[in-house]
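# Observations on chain architecture
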Amino acid sequence: MDQEENWDSPSDTLYQPQQQYRKPLTANPNDLLMDIDSKFAGKIIGKGGVVIKGLKKESGAFITVLDSDTYGLKIVKISGNQNAKEHAQRLINDIIDANDPEKIVLKLKEESDMKLSEPVQSTFNWDELMKEEAENLKKRLAALPSIIKDFYKEHPEVTMMTDQEVEDFRLTKNNIMIKYIDENNLKPIPKPVLKFSHAFADYPEIMNEIQKQNFEIPSPVQCQAWPVIMSGHDLIAIAQTGTGKTLAFLLPAFIHIDFQPTPRSERKGPSILVLAPTRELVLQIESEVKKYSYKGIKAMSIYGGASSGKQKECLRNGVEIVIATPGRLNDFVGSGAIDLSDVTFLILDEADRMLDLGFEPQIRVSLLRVRPDRQTVMTSATWPPGVKRLAKSYTTNPIQVMVGSLDLTTVNTVKQDILIMEEEEKETWLDDFLRKCSKDDKIIIFVNRKVTVDQLSSDLCMKGFIVESIHGGREQSDREMALDCLRNGEVNILIATDVASRGIDINDITVVINYDFTKDIEEYVHRVGRTGRAGKTGLAITLMTRRDWGKAKELVEVMEKSGQNVPQELQDMATRFEAKKDRERAEGGDRPFRGGRGSGRGYSRGDGGFSGSRRNNY
């Protein structure tokens, strides 16, 4: 089951890490209790409760994770009818199996008849597994043809650039920073290219495809990524969404496919594998590939929620590029529906998001089938420890290209307006705003819950607006149709949950409205990033209420970093929340403070909050 953004509200699990049970748990005799190792509890809950919410939705059972009075164990309590409880138990066991290294190794041994030199140790170490599997694969690689990675010839105009000119150019291109991850590596780093012909002068078919798209100049990440990738290096590209990362790996991938020693007709499976976190991003990348008709190269997408039979049939007919979500790919690898032994170019797109969604076990298992001497490209908007760990495991002597800052920030091409109002005032404000918009505007309205999407869509339709909507509960075909309608102009208003906040590449979005404030500041950045793309300007309007004051401080920081005008009322909100939090800590010791929705500790007039006019008039 793909762990995608299909559930939109935090879990109502009773999991509380601070709680300790000193007496045996008492429960309804009809409840099903499962003892699990504590290390699996986080995987069952998921970030923000997304996984346990999905388990509850799929099984129909009520599931809670509680502390046990036995060290190292947790208790999963499952309530509901018998079928629902059994279904939930099977789903939980599947998650445990997918995250239990010993079971993973046993499964691999059964499927591929691989012999491990030593039995699995009780204290498991991923690095040891990867090293051992690499040794086993090397034996099989001896019979495989070699692969070619270096297709780059530095253009004379690039060669003539002095070190100072290179440094100045990188600075002007949003401060491109480049280095080897291994700081002891002193090998030369490729210089950036200034125009398309610098990278692809020797590949006229690629240049023809670029000219068809009417591109003018490469984006900053493309300027530096192309010479790195085409020289055969592994690459880690750190840049915000909307900066051209897809094309940065796609054009070199075409060349890589075309010039391998083994003819395309003799390869048993795809040559290029792209892993991405969500269905929408997978489809977006597939759509991008299909814009180009380079030598008949075929691509297909593999993702949950669509017919696996049709996807398998496409694979049997032969494709060069597979774009997949980790969950569905793992299913196909396990059933033998896809052969990854000829993959020589691997892309892990939005690696940070894949880790956030809990896909690391599926990624690790599937990639054991990819030859270890392939070329690897990773892209990410951030550089957290999990991404660093993934990079260490799956890249060889990589070069890191970072565009902009590692700090969480929005692009400066988007004007951000913050309007503070009561919840019941939002509907009237939205109605007034939409009626003032131009027919040429394209607007995404973000909300936090699926039910809000449906209600708001219905209300706006009743008022005469033409809208489309997407959320995780809609059929995939409906989600694709909604995005297509926005792209081609059939509708100019899309209402969506955060399923649309990443990877949706529609360059002419003019306005983003945060009707509900985001669950975390990272999603705020990604929502805002849907506009102001490809060098265009955009407007992001955020409607805040008193229950959102716990996010005010982080919002102020993000706005300041991108040079936005921060309203004084927002700064006051942030100050008062921090003061309130300090008082709570002083009164209650170290108990966690929970401001915001449902806490009963919102931003109140008694705290010196709202009085008189509370919002800007837009």
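Please read these numbers as outputs of a predicted model, since none were measured by experiment. (Residues numbered from 1 in each chain as written. Predicted model: local features only at pLDDT ≥ 70, side-chain atom pairs only at ≥ 80, totals over all residues. Heavy atoms only, no water.)

## Things to note about the pairing of strand β15 (residues 493–496)
Alternating residues of β15 divide into I493 and I495 and L494 and A496, and every residue in both groups is buried. Pairing geometry for strand β13 (residues 443–446) and β15, over four bridges, is parallel. Bridging across to β15, I445 finds its partner in I495. Pairing between strand β14 (residues 468–470) and β15: three bridges, direction parallel. Residue pairing across strands places S469 opposite I495, the latter belonging to β15. (Buried < 20%, exposed > 50% of the residue type's maximum accessible area, 1.4 Å probe, protein only. Helix = DSSP H or I, 4+ residues; strand = E, 2+ residues; numbered from the N terminus. Pairing = 2+ DSSP bridges.)

## A word on the packing of aromatic side chains
For any pair of aromatic rings, the description consists of the separation of the ring centres together with the inter-plane angle of the planes. Under the defined criterion, the tally for this structure stands at ten aromatic pairs. On the basis of an interplanar angle of 50 degrees and a centroid distance of 5.8 Å, the ring pair of F196 and W226 is categorised as tilted. Of this pair, F196 sits in helix α8 (residues 196–200) while W226 sits in helix α10 (residues 220–230), placing them 30 residues apart in sequence. Residue classification places W226 among the buried positions, given a relative accessible area of 0%. (Phe/Tyr/Trp six-rings, centres within 6.5 Å; stacked < 30°, edge-to-face > 60°.)

## A word on the sheet that holds strand β2 (residues 62–67)
An order of β1-β3-β2 is seen for the three strands of this open sheet, with the pairing classed as antiparallel. Sheet topology places β1 (32–37) and β2 at the edges, where each strand pairs with a single neighbour. Mean inter-strand twist for the sheet, computed between neighbouring axes without regard to direction, equals 25 degrees. Judged from the six bridges that link them, β2 and strand β3 (residues 73–79) form a sheet pairing that is antiparallel. Looking at β3, one finds that I63 is bridged to I78. (Axes fitted to C-alpha atoms, helices over the stretch in contact; angles between N-to-C directions.)

## Section: the packing of helix α11 (residues 245–258) against helix α12 (residues 279–289)
In helix packing, the relevant descriptors are the interaxial angle and the interaxial distance, both defined with respect to the helix axes. Orientation of α11 relative to α12, taken along the N-to-C sense of each, is 50 degrees, at an axis distance of 11 Å. Considered as vectors, α11 and α12 are oriented oblique to each other. In this structure, the crossing between α11 and α12 has a hand that is right-handed. Facing α11, whose interface residues are T246, L247, L250 and F254, α12 presents I285, E288 and V289. (Parallel < 35°, antiparallel > 145°, perpendicular 65-115°, else oblique. Left-handed = near helix turned anticlockwise from the far one by under 90°. Contact = heavy atoms within 4.5 Å.)

## Here's the deal with a negative patch on the surface
On the surface, D163, E165, E167 and D168 cluster together into a patch of negative charge. Residue position: E167 is located in helix α7 (residues 163–172). (Patch = residues over 30% accessible without salt bridge, like charges linked within 9 Å, V, L, I, M, F, W, Y side chains within 5 Å. Areas by Shrake-Rupley, 256 points an atom, 1.4 Å probe, with all protein chains shown as cover. Salt bridge = Lys/Arg side-chain N within 4 Å of Asp/Glu carboxyl O. Lys, Arg positive; Asp, Glu negative; His and termini not counted. Charge placed at Lys NZ, Arg CZ, Asp CG, Glu CD.)

## Some details on the confidence of the model for the protein
With 80% of its residues at a pLDDT of at least 70, the protein reaches an overall mean of 81. Contacts for the low-pLDDT stretch residues 1–26, under 50 throughout, to residues beyond four places or in other chains number 80 contacts. When the criterion is pLDDT under 50, residues 111–122 qualifies, and its contacts beyond four places in sequence or with other chains add up to 19 contacts. (pLDDT = per-residue confidence, 0-100.)

## Brief notes about the pattern of salt bridges
The tally for this structure, following the rule as stated, stands at 25 salt bridges. Here R546 ties to E422 by a salt bridge, and the two come within 2.8 Å at their closest N and O atoms. With R546 in the loop between β17 (538–544) and α22 (552–561) and E422 in the loop between β12 (414–420) and α18 (426–436), this pair connects stretches of sequence that are 124 residues apart. As a salt-bridge pair, R474 and E468 come within 3.6 Å of each other at their nearest N and O atoms. Judged by relative accessible area, E468 falls into the buried class, the value being 14%. One salt-bridge network, held together by shared partners, links E423, K426, D516 and R547.

## Some words on the nonpolar core
Grouped together as the largest cluster of nonpolar side chains are 53 residues, with contacts concentrated most on F200, I206, F254 and I321. Formed by 35 residues, the second largest nonpolar core is a distinct cluster that contains I509, V512, A574 and F577. (Core = buried A, V, L, I, M, F, W, Y, C linked by side-chain atoms within 4.5 Å.)

## Details of the side chain of T531
Structurally, the position occupied by T531 is in the loop between α21 (521–528) and β17. Reaching out from T531, the side chain makes a polar contact with the backbone oxygen of T510 at a distance of 3.5 Å. T531 has contacts with V414, I509, T510, V511, V512, T537, G538 and L539, leaving out every residue within four places of it along the chain. (Polar contact = N/O pair within 3.5 Å; in protein donor to acceptor, adjacent residues only side chain to side chain.)

## Re α7
For α7, the complete set of buried residues consists of V166, F169 and R170. Viewed end-on, α7 has its buried residues packed into an arc of 100 degrees, placing them on one side of the element. Those residues of α7 that are exposed and aimed more than 90 degrees away from the buried face are E167, L171 and T172. Summarising the contacts, the buried residues of α7 are in contact with β4 (177–180) and α10. N174 sits one or two positions beyond α7 and adopts a positive phi of about 60 degrees. (Arc of directions from axis to C-beta.)

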